[in-house]
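Here is how the chains run, residue by residue.
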Amino acid sequence: MKTSTKRALSGLAMTGAAALVLAGCAAAPAPEETEVPEVDYLACAVSDEGSWNDKSFNQSVYEGLEKANAELGVQISDAESASPDDFAPNLQAMIDASCDVTIAVGFNLVAAVNEAAAANPEANFVTVDGWSEGNANLKPINYAMNQSSYLAGYLAAAHSTTKVVGTYGGMQIPAVTDFMTGFYYGAMAWGADNGTDVTVVGWDPATEKGDFIGDFTPNSGTSKSIAAGQLAADADVIFPVGGDQFGAVSEAITEAGVAAVMIGVDKDISVTSPEYSQWMLTSVEKRMTNAVFDIIKDIAIDGNAFNGDTYLGTLENGGTALSPITNFSGDQAAIEAKLQELTDGIIAGDINPLG
Amino acid sequence: MKTEVTPGMFSQAEIAVSKKTPIVMAGFTAIVLVFFGILGTGDVVVWQFTKPDDTFALPDFTVASNTIGLIIGVVLAAITAYAFVLVSQKKHPALWLSLVFGLLAVIALLSWLAAGNKVQFAFILSNAIVLAIPIALGAMAGIMSERVGVVNIAIEGQLLTGAFLAAVVGSLTDNLWVGLLAAMVGAALLSMVLATFSIKFLVDQIIVGVVLNVLVLGVTNFLYSQWLANDGKNANFPGTFPIIEIPVLSEIPILGPALFENRITTYLAFLIIPALWFFLFKTKLGLRARAVGEHPLAADTVGINVARTRFWWVTIGGMVAGLGGAALTIGSVGAFGRDMSGGQGFIALAVVILGRWHPFSAGAAALLFGFAIILRIWANQVSPGIPTDFITMVPYVVTLIAVVGFVGRVRAPAADGQPYIKG
Amino acid sequence: MKLELRGITKRFGSLTANDSINLVVESGEIHSLLGENGAGKSTLMNVLYGLYTADEGEILLDGVAHKFSGPGDAMAAGIGMVHQHFMLIPVFTVAENVVLGNEPTGALGTLNLDVARARVREISDRFGFDIDPDALVEDLPVGAQQRVEIIKALARDAKVLVLDEPTAVLTPQETDELMEIMRGLAKSGTSIVFITHKLREVQAVADTITVIRLGKVVGEAKPTESAADLASMMVGRAVDLEVHKNAPVLGDKGLTVTNLTVVGDRHDKVVDDVSFTVHGGEVLAIAGVQGNGQTELAEALVGLRGVSSGTIHLGELDITASSVREVIDAGVGYVPEDRKKDGLVAEFSIAENLMLNKSFGAPFAKGALIDFANRDRIADELIEEYDIRTPGRDTPAGKLSGGNQQKVVVARELSRDLNLFIASQPTRGVDVGSIEFIHERIIQTRDAGKPVVIISTELDEVAGLADRIAVMYRGRIVGIVDATTSRETLGQMMAGVSA
Amino acid sequence: MSTETENRFQTALKEIFSTSATRTVLSVFLGFVVGAIFMVFSNEDVLKAAQYFTARPMDTIAASWSAIADGYSALFRGAIYNYERADDPVAAFRPITETLRFAAPLIAAGLGIALGFRVGLFNIGGNGQLMFGVLWATWISTRVELPFGIHLVVAILMAILGAALLGALVGFLKARTGAHEVIVTIMLNYIAANLLTYFFREESLLRETGGGGTPKSDAPAITAQLPKLLGEDYTLHLGFALAIIAVVVYWWLMERSTIGYRFRMVGHNPHAARTAGINVERTYMYAMAASAAFVGIAAANQALGATSGLSPSVDAGIGFDGITVALLGGSTAPGVLMAGLLFGAFKAGSAPMQVMGLSPEVLGIVQGSIVLFIAAPPLVRAIFRLPKPQKTTVLKDLVKRSSKGEEK
């Protein structure tokens, strides 16, 4: 079985071709020693529609696999789905490849992965953002993204000088609006705490109306125009929940000539895409990478049995969290303390991030 | 005795004039009067013509939404009636009448949508223009190649190539001009493939176009996922061209900021559209190009090299489309994303036909699409409530109505899509 | 300028269109190239004009060998050509067409159309053409378009002018005028190659005649030779130029057209208050210069074009508002003027073309299915009966020669049970053998008691076939006269003078 | 061997090499070569080895070879027969059934687009028609209760009818107003996609019962699902049989029936068709409806072949793939069948290729290249130095016969 590490090829085709010319005369290497001993465990993943490089949840899962490969020495394999038609065949390919665990990413795969789990009781599956229909060999991973988004909303309102903050989504689906709703109530909470009116543009959880691109195309002109519209409505913090929209938002900010910032989603964008760090306030992390890594480690290394219990990522277990704050306008220590207080409140159940 | 025959040698017959235009107008008038006027709300709408920081700030115009609906509805009814009278007198309603009608209807629509809110006119206009640029440039590429008789289905691929190369080369070299050049050269190379296959190998032009789209999508997706996504900072962070304010002109009230505070990509489009018109209709090269597109054999018999003419017009068209692609990235959002042209090349194809292979009309049609996109975004922001899926449909429905109601049968260059085989 | 062709050979695949042709045209000479349709005249001229490259042989101008890689070279060397199918861009103006490829320009390559207009006016005045330089070519009648072609050649200072079948679209008077122009040009030193298959014109204008047949020069002739001799040289056997027919036996009224008015594409009355009757057993020929409404009249008769006013009756049946299919079902056979465009589907086999307008029922269809057995049987019969020269019924019609294509159309239309037969330019672009055959068939149809309408611009054909002749001018029928009317009178009528 | 037989043999060989069948095979081969190039250049081992190419060139070559072999053997395992699972016949033979399953909608949609091409219409609107068909079929399959058997038939018919209606609309607008079908179909693609999303989003319309805000439908009722053809072990369902029936119907319609004859007539020469008494405008309308009806079979396949709820991306781009399939298949029934099977194999083989670490885009590139090569016979001939198509003796005979005739 081949160990797939295609994502490590950063400079590929073009640089590769250049390398053939430029570096073709390098000395031949001595046989390499692998740093981590290989483990006889195959972890696999099937993506939701879209690629592994979506700077969003697909990518987070994939990085979990890569981390497991690099640090634990497990072998990994993967398949991207171009359309719903590919879900079942991709899962089947993993079963055929005798994967020890197969991670199905995304709510859309829930039906396919449940079918696969039922048909292959000897294999183990994980569904991210999905649920198990009574299959003991299927482990759901879910996230309460509204919790960290609540913190983001609170922080955004604190940061904002106009006291107008904006958010918009890729498509109007619960996986997206969960973020936006938490954000909304977080911002409102800051307003209530400080006796100031805060306006959230782009989403109203009461009427369930808001701004959506209509798809998850990265950095489209539509996305930029939505951001521009929110900036024109005086928003100075923008929270785009639609994968990689940071190019579009940062350009809208630059163009509007205002000192606005944006909030990342799923991963710590300041780290993963440092080119945008100058505009980032923080990011709302969905730490699938760790969840995936932990599950693999638990079985492959620690030798525990696979279980079908649901894993829910929360602030409490660190499955979701706010990234380190950058570019904050006010007293950062004070707001960090306040956010910690809110975190404790949410964990304790005193604060409901959904209103 | 001379038997000279001249145009109009036959006595003129009574012309039957289609009632299509007034009927469509009547439909729109009814919508404006009933929905925007009679059933509209009395909430005020504020028309902001200028931004507060503009040199010549115009005062905001505040009026009740349904009042505008009623007033415009009545005016539209008058125009419709006039159009009916014209048709009954066997006269064609002039184009300007339709344009005025459309403009008024749009004002009514905006006022209805923004009831209780603001119409930021400058924002809408400038966004419409920026969103229209890639479509317009794609359409110019389409016009250039179809005017010489080569159907260009590959506009989508050309836009995508331009967008990709502009972002990547712009990032790697840290020079947007080099990126722009790469986009134009890359798309031109793609066009050369189209030209070579259709002119030299006589492959069905539609097939080549479809295939090129598939290939470009495949290759850019491949490179994006294998390379750009992992090394965004170096390979996919080009930034954008600075916005240049043209002195004096940008201070014209209302239109100034929208037209003259733009990026170089937009200005280039402003230049290319009239330049293309000029070249097509006022120069030797244009005359020859059109001759090749209408009747290649006739062009050949007067010593015009059909293959060469087609090749270069298609290729240079590709450069224009490449520029359009660059406008998607370094002229707007900076970074490249998978499939980011998202069907705009096909819209451009529609714009070519809608604009009847004429640069100005096509430019206007492209603006219609740009306007429709921003209308959806803006309408959703000022008056959330209309299902987003429906608003998304608006540009396409509008185009359909325009094609069916106002454009109808169009006359393509006679040899469009015809390979020229020499004996 | 003296033109000399030596051993020109041009092959298309295995077909040799020109077989080592030698030709000498002296300066200031009108040299007629006589040959049947498909004899290779046009191929030869296209080689001369650089449109085709000869496989062998050379072209000499004033003794200097030239190699043309395109028409541009030929034009630069002083060769001008007026093609049989006009090489004009319909949506361009006259001036634009004339200067195309040779444009007067200002700064930045800007077109200087004033210069172009002046050039058109100048040449047009010199020859009395009266052409408006700003008129769109598509708006011009065919005769005027031809003059634009001549202006185009002259504007390029052509020293050798090739005219390919130039008289097909002209009235006899216009033909005479054209011949005057040719003589004038020749006198001023221009060499003229005059390609035609019309013996009368050759005899009238040519200084020298070269006859070619099946791609080979078969001999030179003097214009003084008799038409019969020229014809037999051209065809390779003795030709009977007369159409033999008996006096008509008139039957009932077949076709009655009353006050018919038809509006054309540009909203003008292309058929203007036309009335006539055709009896069974009679051939009515509609003569006239091309573009005077005959095409539209035919289209109106068969339902292809709407009628503004007036009526068309077939016997007692009113077919004024009938669709094409209803007209076909009423038993009207129609040979359209442009067989490639309207009469045939080039990609279809002969068998498929023979059922083109009969696919709705027996014998070609059985329910929703094509009755292949019947189709093939009928096709074989018709190929035999109409002497269609083809390897088989499955050969695509586009691969046939013009004459055989026309036979396919005629066979299809005549093989139905007809109540009326309309043929527009039935022998245009057809070889002599096929012309004889088609004429014979038309007369047979007449003799079977059917009403026949022939629309033709060829006076010979009109005179040969018709029992009565209706002449159209500007959409009106100038008069309906007896078939024995003199050419001169007919010519005047074609120019609008009432008989 | 006598010289005569040798010559004949050579002639025969030449004719074989100039046929379109040979060219098709070679084009497919070339497409795979292009794909191989991409595989090599995206392979990590190859790139590593290439760095010391001069020192040890065999490493690069070996790595390249193994990259290509790994890739295409994975395609074979995924699309035809999984020899790695030879122990388990079900798993071993599953790939070929998956190929057939994926091919079914491609074939049906390909036929639809092909029909348009034959009538001279460019139907870019396959995707929209497919979605519209899905909309209707899903309404029947999730919102209407009907007895077993009837339910499925009605749902299939509604998919076809729905798609055909949208196609007929295009034809109607073209016939009535002269609107260009390319614009109209492009616009209707967007409109249908948004309409379907709207229906899947609204609870009162088609949204799954108890679902959240995600636009998604219920699974089709069990009575409306396309039954499995080979038992529960394989997912191959009746959709493939429908596609095969569609191929036969298409062949019958286009080659045997008078309607198809008139379709082709209009496609080749609308002027001659009009003169022959055909109502060309109406023919366009019927043809667009028929074209879309075939796409509707693909819609039935997508809507009723699923066992779980549908999302708005149910179209899977099949309407656009259908264009490539139609082009590759030369718009003939057998051609489209073969092209659909080939592309179905690519879809089925995609997953195992990805498992081998290959980028799924490579197959898209292979597909595009194949069509390009197929479309450009001179290019393929130039690459393989094939002889030009031989003029058959038929033409020579013709010339002989006609010249004899002239001289008789």
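Residues numbered from 1 in each chain as written. Chains lettered and ligands numbered in written order. Predicted model: local features only at pLDDT ≥ 70, side-chain atom pairs only at ≥ 80, totals over all residues. Heavy atoms only, no water.

K.L.:
What is the right way to read the nonpolar core from this model?
P.N.:
Generally speaking, soluble globular proteins have nonpolar side chains that are buried together. Among the nonpolar cores identified, the biggest contains 342 residues, and M45(C) and L115(D) are the most heavily contacted of them. Residue contributions to this core peak at 14 residues, all from helix α8 (residues 181-201) of chain D. Not counting the four nearest positions on each side in its chain, L115(D) is found in contact with Y250(D), L253(D), M254(D), F263(D), A287(D), A290(D), S291(D) and F294(D). Core analysis: the next-biggest nonpolar cluster, separate from the first, contains 119 residues, Y143(A), L339(A), L76(B) and A105(B) among them. (Core = buried A, V, L, I, M, F, W, Y, C linked by side-chain atoms within 4.5 Å. Buried < 20%, exposed > 50% of the residue type's maximum accessible area, 1.4 Å probe, protein only. Helix = DSSP H or I, 4+ residues; strand = E, 2+ residues; numbered from the N terminus. Contact = heavy atoms within 4.5 Å.)

K.L.:
Is there a simple way to think about the sheet that holds strand β12 (residues 280-286) of chain A in this case?
P.N.:
By way of backbone hydrogen bonds, the strands of a sheet pair with one another, either parallel or antiparallel. All names here are of chain A. Across the sheet, which stays open at both edges, the six strands sit in the order β7-β6-β10-β11-β12-β14 with mixed pairing between neighbours. On the outer flanks of this sheet lie β7 (199-201) and β14 (320-322), each paired with one strand and no other. Each strand of the sheet is rotated relative to its neighbour by a mean of 15 degrees, with strand direction disregarded. Pairing of strand β10 (residues 237-241) with strand β11 (residues 261-266), which is carried by two bridges, proceeds in the parallel orientation. (Pairing = 2+ DSSP bridges. Axes fitted to C-alpha atoms, helices over the stretch in contact; angles between N-to-C directions.)

K.L.:
What should I look at first to understand the interface of chain B and chain A in this one?
P.N.:
Where the parts come together, the accessible area they lose is often given as the size of the interface. If you look at the interface, chain B gives 37 residues, while chain A gives 37 residues. In this assembly, chain B packs against chain A so that about 3100 Å² is buried in total across both faces, 56% of it on carbon and sulfur atoms. The three residues of chain B that bury the most area against chain A are Q226(B), F237(B) and V333(B), which together make up 18% of that side's buried surface. The interface formed by chain B and chain A contains two salt bridges. Here chain B and chain A share eleven residue pairs in polar contact (both at pLDDT 80 or more) between them. For the side of chain B that touches chain A, the residue count by class is 17 nonpolar, 15 polar and five charged. (Buried area = accessible area lost by both parts, 1.4 Å probe. Salt bridge = Lys/Arg side-chain N within 4 Å of Asp/Glu carboxyl O. Polar contact = N/O pair within 3.5 Å; in protein donor to acceptor, adjacent residues only side chain to side chain. Nonpolar A, V, L, I, M, F, W, Y, C, P; charged D, E, K, R; others polar.)

K.L.:
For this particular structure, what's the right way to read the interface of chain C and chain B?
P.N.:
Contact residues are listed per partner, giving 55 residues for chain C and 34 residues for chain B. For the pairing of chain C and chain B, the buried interface totals around 3800 Å² over both sides, and the portion due to carbon and sulfur atoms is 63%. When residues of chain C are sorted by the area they lose upon contact with chain B, M87(C), H267(C) and R474(C) head the list and together hold 15% of the total. Applying the counting rule to chain C against chain B returns one salt bridge. Here E103(C) makes a salt bridge to R288(B), at a shortest N to O gap of 2.8 Å. Put simply, chain C and chain B have five residue pairs in polar contact (both at pLDDT 80 or more) between them.

K.L.:
Where do I start with unusual backbone geometry in this structure?
P.N.:
Along the chain, A362(C) connects to P363(C) via a cis peptide bond; the corresponding omega equals 0 degrees. With respect to the helices and strands, the residue P363(C) is situated in the loop between α12 (350-353) and β17 (365-366). We note that D129(A) has phi near 65 degrees; this positive angle belongs to a residue other than glycine. Along the chain, D129(A) falls in the loop between β4 (124-128) and β5 (138-143). The residue V248(B) is not glycine, and still its phi comes out positive at about 65 degrees. Structurally, V248(B) can be placed in the loop between β4 (244-245) and α9 (255-260).

K.L.:
Even after reading the chapter, I still don't get the pattern of salt bridges, so can you show me in this structure?
P.N.:
Once their charged atoms are close, side chains differing in charge can pair, the charge on each being opposite to the other. Scanning the model with the defined rule gives 48 salt bridges over all chains in all. The salt bridge involving K41(C) is made with E165(C); its shortest N-O contact spans 3.2 Å. Taken together, the positions of K41(C) in helix α1 (residues 41-48) and E165(C) in the loop between β7 (160-164) and α6 (172-187) put the pair 124 residues apart, joining distant regions of the chain. Of the two residues, K41(C) and E165(C), both sit in the buried class. A salt bridge links D59(D) to R56(D), with the nearest nitrogen and oxygen atoms 2.8 Å apart.

K.L.:
Teacher, can you tell me more about the arrangement of the chains here?
P.N.:
No other pair among the five pairs of chains in contact exceeds the contact count of chains B and C. Separated throughout, chain A and chain C approach each other most closely at a C-alpha pair spaced 37 Å apart.

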